[in-house]
Amino acid sequence: MLDDITRRIHDAERAANRAEGSVRLIAVSKVQPDDRVREVLEQGHRIFGENYVQEAQGKWPAFRGDFPGAKVHMIGPLQTNKAKPAMQLFDAIHTLDRPSLANRLARLAQEEGRCPDLFVQVNTGSEPQKAGILPPDADAFIADARALDLPVIGLMCIPPDAEDPAPHFEMLARIAKRNGLANLSMGMSSDFETAITHGATHIRVGSALFGARVY
Ligand SMILES: *Cc1c(COP(=O)(O)O)cnc(C)c1O
């Protein structure tokens, strides 16, 4: 329930001595039935997250027509060959995770004259199967992306499944701070309150809001 999640966000903001409204909720609508997504739009929510370019292309043009001001953030891995439609469709991309993608986005940004806000994904757990820049490479990658004139506004992470997420959120906050980045995309259904304690500005909540995903 949206009201319920909103209340929990405000409680966590207050507990962390943060201003009410300093955390943005990204409603992760991937795989959810359209009528559930429409309900949340009708309740006035306007920021959503999607993982797949094709799925987002299928539903967001119509939703945006019906609900002006709706924003969609790409939070899933982005293949280089999908970079162009992704740039045209999304308001932000949270998964800038490698030099080849940075180069492609920079070239497209020149051609299109615009670029979505970008978050660099950091693989804080250094997990081999997970996307993201490794922590020791993060500073150099952020500098390279900035040198390409890419609008990097923050960092994103997905902590390892079976670990306490807090040290991962702390690590992401440290890397952001030393690089002068103001935004932290961290925290999901199971740990968004912990993420808020550690400075999250964007939390990505799917199942706690919409119910379990049925694939
Ligand atoms: C699916 C997904 C989420 C939402 O997960 P929930 O546990 O359903 O809240 C958040 N972030 C990313 C990157 C995801 O892929």
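See above for the structure.
All of the points below concern the structure found in this document. All figures in this text were calculated on a predicted structure; none of them were measured in a lab. (Residues numbered from 1 in each chain as written. Predicted model: local features only at pLDDT ≥ 70, side-chain atom pairs only at ≥ 80, totals over all residues. Heavy atoms only, no water.)

What about the overall build of the protein chain?
Then, in step 1: Check the secondary structure of the protein chain and you find nine helices and eight strands.
Then, in step 2: For 215 residues, the compact-globule estimate of 2.2 N^0.38 gives 17 Å, and the C-alpha radius of gyration of the protein chain, at 17 Å, lies within 12% of that figure.
Then, in step 3: Projected onto the principal axes, the alpha-carbon positions of the protein chain cover approximately 40 × 40 × 30 Å.
Then, in step 4: Within the protein chain, contacts between residues at least 6 apart in sequence are counted, and of these 58% link residues at least 24 apart.
Then, in step 5: Summed over its atoms, the accessible surface of the protein chain is roughly 10000 Å², and 49% of this surface lies on carbon and sulfur atoms.
Then, in step 6: One finds the centroid of the 25 positive side-chain charges in the protein chain at a distance of 3 Å from the centroid of its 28 negative side-chain charges. (Helix = DSSP H or I, 4+ residues; strand = E, 2+ residues; numbered from the N terminus. Rg over C-alpha atoms; globule rule 2.2 N^0.38 Å. Contact = heavy atoms within 4.5 Å. Areas by Shrake-Rupley, 256 points an atom, 1.4 Å probe, with all protein chains shown as cover. Lys, Arg positive; Asp, Glu negative; His and termini not counted. Charge placed at Lys NZ, Arg CZ, Asp CG, Glu CD.)

Some details on the nonpolar core
Then, in step 1: Membership of the largest hydrophobic core comes to 61 residues, with the highest contact counts inside it found for Leu96, Leu150 and Leu155.
Then, in step 2: Counting residues per element, this core draws most heavily on helix 5 (residues 99-112), which supplies six residues.
Then, in step 3: Excluding residues within four positions of it along the chain, leucine 96 makes contact with Leu101, Ala102, Leu105, Leu118, Phe119, Val120, Gln121, Phe141, Ala145, Leu150 and Val152. (Core = buried A, V, L, I, M, F, W, Y, C linked by side-chain atoms within 4.5 Å. Buried < 20%, exposed > 50% of the residue type's maximum accessible area, 1.4 Å probe, protein only.)

Points about the layout of surface pockets
Then, in step 1: By volume, the largest pocket amounts to about 310 Å³.
Then, in step 2: The wall of the largest pocket is formed by 20 residues, among which Lys30, Asn51, Ile75, Ile158 and Met188 lie closest to the centre.
Then, in step 3: Looking at the lining of the largest pocket residue by residue, the classes come out as 10 nonpolar, seven polar and three charged.
Then, in step 4: Each pocket or cavity is described by its volume, and for the second largest pocket that value is around 180 Å³. (1 Å grid on protein atoms, 1.4 Å probe; cavity = no way out; pocket = protein on both sides within 12 Å on 5 of 7 lines; lining within 4 Å. Points joined across faces, edges and corners; volume = space filled by probe spheres on them. Nonpolar A, V, L, I, M, F, W, Y, C, P; charged D, E, K, R; others polar.)

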